[in-house]
Protein chains: 4
Amino acid sequence: MVKNFKDKLYEIIFEADTRAGKAFDVVLLVVILMSVVLVLLESVPAIRKNHGDTLILLEWIITVIFTFEYIVRILVVKKPWKYIFSFYGIIDFLAVIPSYLGLIIISYQSLMVIRVLRLLRVFRILKLTRYTAAGRTLAKAIWNSREKINVFIFFVIILVIIVGTLMYLVEGEASGFNSIPVSIYWAIVTLTTVGYGDISPITPLGQFLASLVMIMGYAIIAVPTGIVTAEMMRPSTQSNTQVCSICLHDKHDDDALYCKKCGEKLHPEKKSTE
Amino acid sequence: MVKNFKDKLYEIIFEADTRAGKAFDVVLLVVILMSVVLVLLESVPAIRKNHGDTLILLEWIITVIFTFEYIVRILVVKKPWKYIFSFYGIIDFLAVIPSYLGLIIISYQSLMVIRVLRLLRVFRILKLTRYTAAGRTLAKAIWNSREKINVFIFFVIILVIIVGTLMYLVEGEASGFNSIPVSIYWAIVTLTTVGYGDISPITPLGQFLASLVMIMGYAIIAVPTGIVTAEMMRPSTQSNTQVCSICLHDKHDDDALYCKKCGEKLHPEKKSTE
Amino acid sequence: MVKNFKDKLYEIIFEADTRAGKAFDVVLLVVILMSVVLVLLESVPAIRKNHGDTLILLEWIITVIFTFEYIVRILVVKKPWKYIFSFYGIIDFLAVIPSYLGLIIISYQSLMVIRVLRLLRVFRILKLTRYTAAGRTLAKAIWNSREKINVFIFFVIILVIIVGTLMYLVEGEASGFNSIPVSIYWAIVTLTTVGYGDISPITPLGQFLASLVMIMGYAIIAVPTGIVTAEMMRPSTQSNTQVCSICLHDKHDDDALYCKKCGEKLHPEKKSTE
Amino acid sequence: MVKNFKDKLYEIIFEADTRAGKAFDVVLLVVILMSVVLVLLESVPAIRKNHGDTLILLEWIITVIFTFEYIVRILVVKKPWKYIFSFYGIIDFLAVIPSYLGLIIISYQSLMVIRVLRLLRVFRILKLTRYTAAGRTLAKAIWNSREKINVFIFFVIILVIIVGTLMYLVEGEASGFNSIPVSIYWAIVTLTTVGYGDISPITPLGQFLASLVMIMGYAIIAVPTGIVTAEMMRPSTQSNTQVCSICLHDKHDDDALYCKKCGEKLHPEKKSTE
């Protein structure tokens, strides 16, 4: 019966298809959101000054809740180590540990460090992704196009180094192009069309070069878009490898049972759940 | 015959397929545009100073016209309450109420408040959307991709909080990264490639991190584009209206000859040339 | 024989499929480019000061060449008035007239005006488009999607007015949001991700609102892209209405002579040259 | 046997499908990356001051390695001249020559020049592209859409010249629009949504014009995206290698059963699952 209770707890904490499980997830979601808001508020000087004690109290309450939750998770799961070293296990751990670290390494001088450690708890928010299943489609499309995107980013990096070097030579140190790394930073700011304006060319040749980079960036932005769009429209057609045994037509939808060309019955492959 | 007149008015005011109805809509459109321009002009200090009285007069004329129109709309419509609480009913109400509110809560000190209330009349412009039917296709495509866009925006928000926190730790308060909320604001400004430059990293590590964010933003922008584009190209395949006469399956490709569910021969419709 | 000479000239000046016609076009192209460069150089204070006389001389030479060309065009064309009031006829006229106007309305004070009139000759560059035929495909795709793009821009304008008004109310005049029109200008700068930074929010609420606008702009940019992309991929498949008389397959390429499904001969429609 | 050794070396240096060849490429990659990092570090004033001698030493080591590699490449390749004048042959040469040039043209005053020459070695990074084969798909898609992109860029240039001239006339020299070239620079900065903010309109008319340009730029960015996306989704149909045995037509759709040109039955290839 204890085992039964453990299973029940597992269902509530790890799954979301029962009523209690859903309620638990919603409550946890709210607490996580609150904890993130706390970290944000704590970093605002004025708020820290006036409501510092309240924030610290609330933070410890949340830390205790998360610690309790983390321990229960380890207790109810069948393979604790698998959970502990899973993506969410690590995040759950990172979400509670900074508060305790802040407790141990405490001294007048290291107060700043504590604040830093506390900020790491922003990782708690990553827990939120656990609740979205719809993101898988997107993730898959991006994952499928990772190679092309990598090549693209690689190309952008090369381009940006060359452009940065040229601008460093052309503009000199008068207009903020103090070193090639800084010029590369400028090139990235420009090519990605962010354009802070903290560094901007002032010589005619520099402005001409910058214009070329901008128009290039304008055309280049089409590439990742093209990659992802093409990928997003492909999955449904490519993932099916059925071939009609009669007419050899091979572009069947995933839900097709009969060949749409000759009417022959298809033999749908057993899909292995990924 | 009074009922006949009411029907006639309804046709003129609510519909646009008769000559009078069209004329009414065009006139209303012009008045709405004028009222919006009035609000804009009134906010310009120099204009308010020199032509304040004229603007107030014109505004009251428009308010009277809109009030009269609003009352007539309620009178001629068959289910008044349905109109009043419909999207446009609420907007029509919001378009007239600020002027009257400004009349009641008047005093020397609250003059500023009146101006604020007046500005709310900018909602009048929303009436303009009533006249565009072509927007439905667009709205549908966006509506269909709402889930993916939500997940995308959710992902962007998480990314932006983490990036903002990291930049707050890296840059410190010297370069304007005063708090995590402000750093998150900067991260959004950067990731969306807006790049005001009011806050920009000055440390090498900060600039390196910022560069990563920008390149990320450059690749990420492909995602919503891919979503919407894929959605926009789908309708044409969904509009196929073939229904299998045996199994009633209705999602056939345009070039399908046999039902892909039961193998029954389909009867492709003769396509009318558009 | 005079008529023959006129025809020859017409062929050379208006067409580009003979050797002489091509040579004429290339020379004209070079002269147009030079004239544009002249206008650009003339506007640079330092260059105008040192080389003003040379520039004026060169400009008059080009003006004479263009005038002569314009007159010859009128003489050789069969329907002169049709040419004169055609798109290029008007541009050819606008390309020469400012120089002569500058000659008549001359005085010490109006020297500035002359410069302004001269600058209008930048329209000469529009002649360049005459030489690109490949642009038609692009133009067609954009033209076909004009309705959706209009609705989109209309929606953006409404959004921008509302956002501008809200920001004017939230930020006030301290941070540069002096009037609603200026705030709308800011909203456009932000939504289009241009982000000059000449006006940027400084209050927390203003920065929060601005963040929303940016993320919105990030998602919204997907819409025109989706429209144009969908349009660009449609033409080739939709413009063909051939249906195989045997198997009724209706997705034939434009250059298909036989049905790709059953091998039956198709009856390609006579295409009317657009 | 010497020839055998030469072949072996060729395999190692020019190819990457043997174990030794792969190891060589990886080592070379690391050295190239190091050399690029060296150039970047050398340009940072603080680093050059403190670690100048170390950097120069390291640079000469890399130069010697690259020179040796370049000579070996020439020796082992079958057609040395073809390599020397190939894309990578030229880059390999440009990667070593600046160091030696810096050695010859040395004097107190030309120290700056030496640094400039050294910076040219950033071209070494182009060697990196040799190792990516996946980029071909992308390059092909971009190459296929080069015509449309050229027309697009041509159109953008015309637009930018006209807009720049108009803004120069509207804004005048007070707000930084000193000459038409500078105004064109501003127009490019704005249309590409970079938006530095170093130059930005201050007159109402100028801000209105700028708003139009921005919204235009927002819609225009859809064009290159549409071009590239459409191109990226095409390859799958073009990669079909069926050739009709009768009329040799080779552009069949993947699902074609009969040649669309002559009606001959095609012999669809068995697709190997990737």
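Residues numbered from 1 in each chain as written. Chains lettered and ligands numbered in written order. Predicted model: local features only at pLDDT ≥ 70, side-chain atom pairs only at ≥ 80, totals over all residues. Heavy atoms only, no water.

Engineer: Quick question: what am I supposed to make of the overall build of chain A here?
Structural biologist: When helices and strands are tallied, chain A shows 12 helices and 0 strands. Ordered by position from the N terminus, the helices and strands of chain A form the series α-α-α-α-α-α-α-α-α-α-α-α. In chain A, once contacts between residues fewer than 6 apart in sequence are set aside, the share between residues at least 24 apart is 51%. Of the roughly 14,200 Å² of accessible surface on chain A, a fraction of 69% belongs to carbon and sulfur atoms. (Helix = DSSP H or I, 4+ residues; strand = E, 2+ residues; numbered from the N terminus. Contact = heavy atoms within 4.5 Å. Areas by Shrake-Rupley, 256 points an atom, 1.4 Å probe, with all protein chains shown as cover.)

Engineer: So what exactly am I meant to see when it comes to the nonpolar core here?
Structural biologist: Side chains of nonpolar character tend, in soluble globular proteins, to be buried together. Grouped together as the largest cluster of nonpolar side chains are 170 residues, with contacts concentrated most on Trp 186 of chain A, Trp 186 of chain B, Trp 186 of chain C together with Trp 186 of chain D. Contacts of Trp 186 of chain D, omitting those with residues within four sequence positions, involve Tyr 196 of chain C together with Val 163, Met 167, Phe 177, Ile 199, Ser 200, Pro 201 and Ala 210 of chain D. (Core = buried A, V, L, I, M, F, W, Y, C linked by side-chain atoms within 4.5 Å. Buried < 20%, exposed > 50% of the residue type's maximum accessible area, 1.4 Å probe, protein only.)

Engineer: It is not clear to me how the side chain of Thr 190 of chain B should be interpreted in this structure. Could you clarify?
Structural biologist: The topology assignment puts Thr 190 of chain B in helix H9 (residues 180-191). Beyond its immediate chain neighbours, meaning those up to four positions away, Thr 190 of chain B contacts Val 194 and Tyr 196 of chain A together with Ala 210, Val 213 and Met 214 of chain B.

Engineer: What's the story with helix H2 (residues 19-42) of chain A in this structure? I'm lost.
Structural biologist: Owing to its 3.6 residues per turn, the α-helix brings residues three or four apart onto one side. Here H2 of chain A is 24 residues long and its end C-alpha atoms lie 35 Å apart, about the 34 Å a rise of 1.5 Å per residue gives. Among the residues making up H2 of chain A, those that are buried are Gly 21, Asp 25, Leu 28, Val 31, Ile 32, Ser 35, Val 36, Leu 38, Val 39, Leu 40 and Glu 42 of chain A. (Expected span 1.5 Å × (residues − 1).)

Engineer: Explain empty space enclosed by the protein here, please?
Structural biologist: Regions of empty space are outlined by a rolling probe, equal in size to a water molecule, passed over the atoms. Following the criterion strictly, the structure yields 8 cavities of 30 Å³ or more and no others. If you add up the space inside the largest cavity, you get close to 70 Å³. Surrounding the largest cavity, Ile 221 and Thr 225 of chain A, Ile 221 and Thr 225 of chain B, Ile 221 and Thr 225 of chain C together with Ile 221 and Thr 225 of chain D form its lining. The residue makeup of the lining of the largest cavity, split by class, is 4 nonpolar, 4 polar and no charged. (1 Å grid on protein atoms, 1.4 Å probe; cavity = no way out; pocket = protein on both sides within 12 Å on 5 of 7 lines; lining within 4 Å. Points joined across faces, edges and corners; volume = space filled by probe spheres on them. Nonpolar A, V, L, I, M, F, W, Y, C, P; charged D, E, K, R; others polar.)

Engineer: Help me understand the packing of aromatic side chains in this model?
Structural biologist: Within a pair of aromatic rings, the relevant descriptors are the distance that separates the centres and the angle that separates the planes. Residue and element names in this part refer to chain B. For the structure shown, the criterion picks out 16 aromatic pairs over all chains. Where Tyr 70 meets Phe 93, the ring centres are 6.0 Å apart and the plane angle is 50°; that geometry is what we call tilted. Separated by 23 residues along the polypeptide, Tyr 70 in helix H3 (residues 45-76) and Phe 93 in helix H5 (residues 87-104) bring together distant segments of the chain. What makes Phe 93 partly exposed here is its relative accessible area of 37%. A centroid spacing of 5.3 Å and a plane angle of 65° characterise the contact between Phe 177 and Trp 186, whose relative ring orientation is edge-to-face. By the burial criterion, Phe 177 is buried, and Trp 186 matches it. (Phe/Tyr/Trp six-rings, centres within 6.5 Å; stacked < 30°, edge-to-face > 60°.)

Engineer: Hey, could you run me through the pattern of salt bridges in this one?
Structural biologist: Opposite charge on two side chains allows them to pair when their charged atoms are near. All names here are of chain A. Scanning all chains against the criterion turns up 4 salt bridges over all chains. One salt bridge connects Arg 73 with Glu 69, and the closest N-O pair in it is separated by 2.6 Å. Taken together, the residues span about one helical turn, with Arg 73 and Glu 69 both in helix H3 (residues 45-76) at a distance of 4 residues. For Arg 73, a relative accessible area of 0% translates into the label buried. (Salt bridge = Lys/Arg side-chain N within 4 Å of Asp/Glu carboxyl O.)

Engineer: Any chance you could explain the environment of Leu 209 of chain B here in plain terms?
Structural biologist: Residue and element names in this part refer to chain B. Examined against the element boundaries, Leu 209 turns out to sit in helix H10 (residues 204-220). Using a relative accessible area of 19% as the deciding quantity, one classes Leu 209 as buried. Contact partners of Leu 209, with chain neighbours within four places excluded, come to Leu 166, Met 167 and Val 170.

Engineer: Would you explain the packing of helix H10 (residues 204-220) of chain A against helix H11 (residues 222-233) of chain A in this entry?
Structural biologist: Two quantities define a packed helix pair, namely the angle between the axes and the distance from one axis to the other. Residue and element names in this part refer to chain A. Axis separation between H10 and H11 bottoms out at 5 Å; the angle between their running directions is 5°. Taken together, the axes of H10 and H11 lie roughly parallel to each other. Only Ala 222, Val 223 and Pro 224 of H11 make contact with H10, whose side of the interface consists of Tyr 218, Ala 219 and Ile 220. Among the residues making up the contact of H10 with H11, the classes are represented as 6 nonpolar, no polar and no charged. (Axes fitted to C-alpha atoms, helices over the stretch in contact; angles between N-to-C directions. Parallel < 35°, antiparallel > 145°, perpendicular 65-115°, else oblique.)

Engineer: I would appreciate a short explanation of the confidence of the model for chain A in the present structure.
Structural biologist: Interpretation of the predicted coordinates at a detailed level should be avoided for regions scoring low in pLDDT. Residue and element names in this part refer to chain A. For chain A, the mean per-residue pLDDT works out to 73, and 70% of the residues sit at or above 70. Helix H6 (residues 111-119) is the least confidently modelled element of chain A, averaging 43 in pLDDT, while helix H9 (residues 180-191) averages 90, the highest of any element. Across residues 106-126, where pLDDT falls below 50, the model places 47 contacts with residues more than four positions away in sequence or in other chains. Note on residues 236-240: pLDDT under 50 across the span, and 8 contacts to partners over four residues away in sequence or across chains. Prediction confidence for the complex, expressed as pTM and ipTM, is 0.78 and 0.75 respectively. (pLDDT = per-residue confidence, 0-100.)

Engineer: It is not clear to me how the side chain of Thr 190 of chain C should be interpreted in this structure. Could you clarify?
Structural biologist: In this structure Thr 190 of chain C comes out as buried when scored by relative accessible area, which is 0%. One polar contact links Thr 190 of chain C to Tyr 196 of chain B, side chain to side chain, over a distance of 2.4 Å. (Polar contact = N/O pair within 3.5 Å; in protein donor to acceptor, adjacent residues only side chain to side chain.)

Engineer: What exactly am I supposed to notice about the environment of Met 34 of chain C here?
Structural biologist: With respect to the helices and strands, Met 34 of chain C occurs in helix H2 (residues 19-42). The spacing of Met 34 of chain C and Phe 87 of chain C is 53 residues in sequence and 22 Å in space, taken between C-alpha atoms.

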